[in-house]
Amino acid sequence: MLEERESLDFDIVFIGAGPANLTAAIHLQKLVNKSKDLEAAPEIVVIDKGKNAGAHLLSGAIIDPVVLEEYFPGYVEKGCPIQTEVTRDSVCFLTEKRKYALPYLPEPFRNNGCFLVSLSRFGSWLAGMAEAEGVAVLDSTAAVEPVIDNNRLKGIITDGKGYDKEGNAGEAAEPGIEINAKTFVLGEGARGSMFRQLDRTFALSPNEEDQRYETGVKEVWQIPPGRLDAGATLHTFGYPLPSSLYGGGWLYAMSETEISLGFVTSADPGQPVVDPHYNLQLFKEHPSIRHLLAEGKLLEYGAKSITSGGYDAMPRPAGPGFLLTGETAGLVNMQRLKGIHLAMHSGILAAETLYSCLLKDDFSEASLLTYRNKLERSAIHEEMRQSRNYRQAFDQGLFKGLMRAGLSLKVPRLAPTGNTEIKEDGTLRPGSKQYRNWSKKKDSFRPDNILFFSKEANLYASGTVHEENQPCHLLIEPDSIADICTEKCTREYGNPCRHFCPAGVYAIDHNADPILRLSPSNCLHCKTCEIADPYGIITWTPPEGGGGPGYTIS
Ligand code: SF4
């Protein structure tokens, strides 16, 4: 029987309530509210899969206030949840027991004038601003499937609710709604599921292999006063990663008694045998970090993937019926470890493009493509170009990477271009010496649930909740499970999904007949599994809207 699907029409629909789309929605609504040239007020709506705006937002986060200053005058007085200004920066190389501070910080590593924020609080504040301007913000609504008509994105299907694990409709089941709009703006963050589907149809990525991702795993701690000055920041490289793997740690003093600390690990299907959660636990073990946390208390835990391919991996930011903003448009400066200001700036340009489209009542692809011109002429492009392929410089290991990245700071043309050949020697592959050492150490890891946590214990601090009885949102073909998961992958990689998922969603029961067991209700929506799976057989899809992490201070 065909489902009866309700359908709703809007003018502009923003998919994802992150800083890019919320800034865009606020700016567009402000332009509309001031306009004397529009005949009718357009209907502008933001949808988000989180249970409230900000619930799925997580970042370090250091924010460069450049867009706030220009477009949100009086933002401090208006309650912008800035925790503190950055007061001190340091970058250190860690060995297992020691730390060595860089004596001189190049300009991109300095954060003078920047602020420390909780991105989830910041998103929630922006959502309140958007609603105050007249934008409708619909939470618990996931965009699941595009509706393409005549080679144009005409609509989207949202998540259905009330279906059981087998897909049977319960008594209160509601099929997803079809939402149609003149234009959709995708600001889904890294590796959005709607972006992935549109990329397949409209070939948005310059080259699929060029985009790359990292996994950031984060904890927020309350610590006794007197250990750190509010606003102190630390970035590290080295321990616990071997020099062949890209990644590093951060620690930000949000206040004298609250710190954000985390670890970024490369999410790479070529080197899948990594464990971002474990790397964070090891990072906390380092003598220079451990003493800061003593007698402290874990407040929140979370994870996200980070888009890191840089300038050359940026997708085409506009297509028939849609625009891309923020991280979905590839806008993260890996050299500065920042993207929020770029996301907000892209939101401003998207809003100006859409306002022109509204004035002309012209939402053709040509009209939407003026967004690309605006981006190309903006400071965003210049910043992305300057930091071009910074991440790729580290493909041949930490030390070569530091040399190349350092040189490219002085002479940008020395930055590598395109994908760098990754050498197999010394990477974390089963059988390699580094893997055996790492694996041995991991096997002996015993969480104390005071300073070091298991994934299960950490998960409690993420506020993650899903409706248990719903279809599994992690799609793997049954044939692939039989042929690859419990056979080939076990043999070749030892099932790295058990390691790289920071929520412990994947497990293998090694009985006489091995079985892959999934706990999808633990999912943190980080997408690492889809990215780092060496066989590319996992597809992450949005679960029922409202499910997922419940970040409040991340
Ligand atoms: Fe992240 Fe969820 Fe995949 Fe685990 S299952 S890696 S939490 S997206």
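For clarity, every value in this text was computed on a predicted model and none was experimentally measured.

On to the sheet that holds strand S15 (residues 183–186), then. The six strands lie next to each other as S9-S3-S2-S15-S22-S21, forming an open sheet whose pairing is mixed. Bordering the open sheet on either side are strand S9 (136–138) and strand S21 (318–319), each of which pairs with just one other strand. Of the pairings in the sheet, the one linking strand S2 (residues 12–15) to S15 comprises four bridges and is parallel in character. Paired with Ile15 across the two strands is Leu186, which belongs to S15.

With that settled, the discussion passes to the packing of aromatic side chains. The tally for this structure, following the rule as stated, stands at 12 aromatic pairs. Considering the side-chain rings of Phe93 and Phe237, the 5.4 Å spacing of their centres and the 45 degrees angle between planes classify their relative orientation as tilted. One end of the pair, Phe93, is in strand S6 (residues 88–94); the other, Phe237, is in strand S17 (residues 232–238), with 144 residues separating them in the sequence. For Phe93, a relative accessible area of 23% corresponds to the partly exposed category. Relative accessible area serves as the criterion here: at 13%, Phe237 is assigned to the buried category. Each residue in the set Phe72, Phe122 and Trp125 is aromatic and connected to the rest through ring pairs, giving one cluster. For the cation-ring pair, Lys30 lies above Phe72, with the distance from its terminal atom to the ring centre recorded as 5.1 Å. The aromatic ring of Trp540 is capped on one face by Lys527, whose charged end is 4.7 Å from the ring centroid.

Let us now look at the domain arrangement of the chain. The assigned domain composition of the chain is domain 1 (8–81 + 119–206 + 314–386) and domain 2 (213–310 + 424–540). Between the C-alpha centres of domain 1 and domain 2 there is a distance of 28 Å. Every contact between the two is made by 24 residues of domain 1 and, on the other side, 28 residues of domain 2. For the domain 1 and domain 2 pair, buried surface summed over both sides reaches about 2200 Å², with 53% attributable to carbon and sulfur atoms. When the buried surface of domain 1 facing domain 2 is broken down by residue, Leu58, Arg191 and Met334 rank first, second and third, together holding 30% of it. The tally of links from domain 1 across to domain 2 stands at three salt bridges. With a closest N to O distance of 3.0 Å, Arg196 and Glu530 form a salt bridge. If you look at where domain 1 meets domain 2, you find 12 residue pairs in polar contact (both at pLDDT 80 or more). Split into classes, the residues belonging to the side of domain 1 that touches domain 2 amount to 10 nonpolar, seven polar and seven charged.

Definitions and cut-offs
Residues numbered from 1 in each chain as written. Predicted model: local features only at pLDDT ≥ 70, side-chain atom pairs only at ≥ 80, totals over all residues. Heavy atoms only, no water. Pairing = 2+ DSSP bridges. Helix = DSSP H or I, 4+ residues; strand = E, 2+ residues; numbered from the N terminus. Phe/Tyr/Trp six-rings, centres within 6.5 Å; stacked < 30°, edge-to-face > 60°. Buried < 20%, exposed > 50% of the residue type's maximum accessible area, 1.4 Å probe, protein only. Lys NZ or Arg CZ within 6 Å of the ring centre and 35° of its normal. Domains from an automatic or database assignment. Contact = heavy atoms within 4.5 Å. Buried area = accessible area lost by both parts, 1.4 Å probe. Salt bridge = Lys/Arg side-chain N within 4 Å of Asp/Glu carboxyl O. Polar contact = N/O pair within 3.5 Å; in protein donor to acceptor, adjacent residues only side chain to side chain. Nonpolar A, V, L, I, M, F, W, Y, C, P; charged D, E, K, R; others polar.

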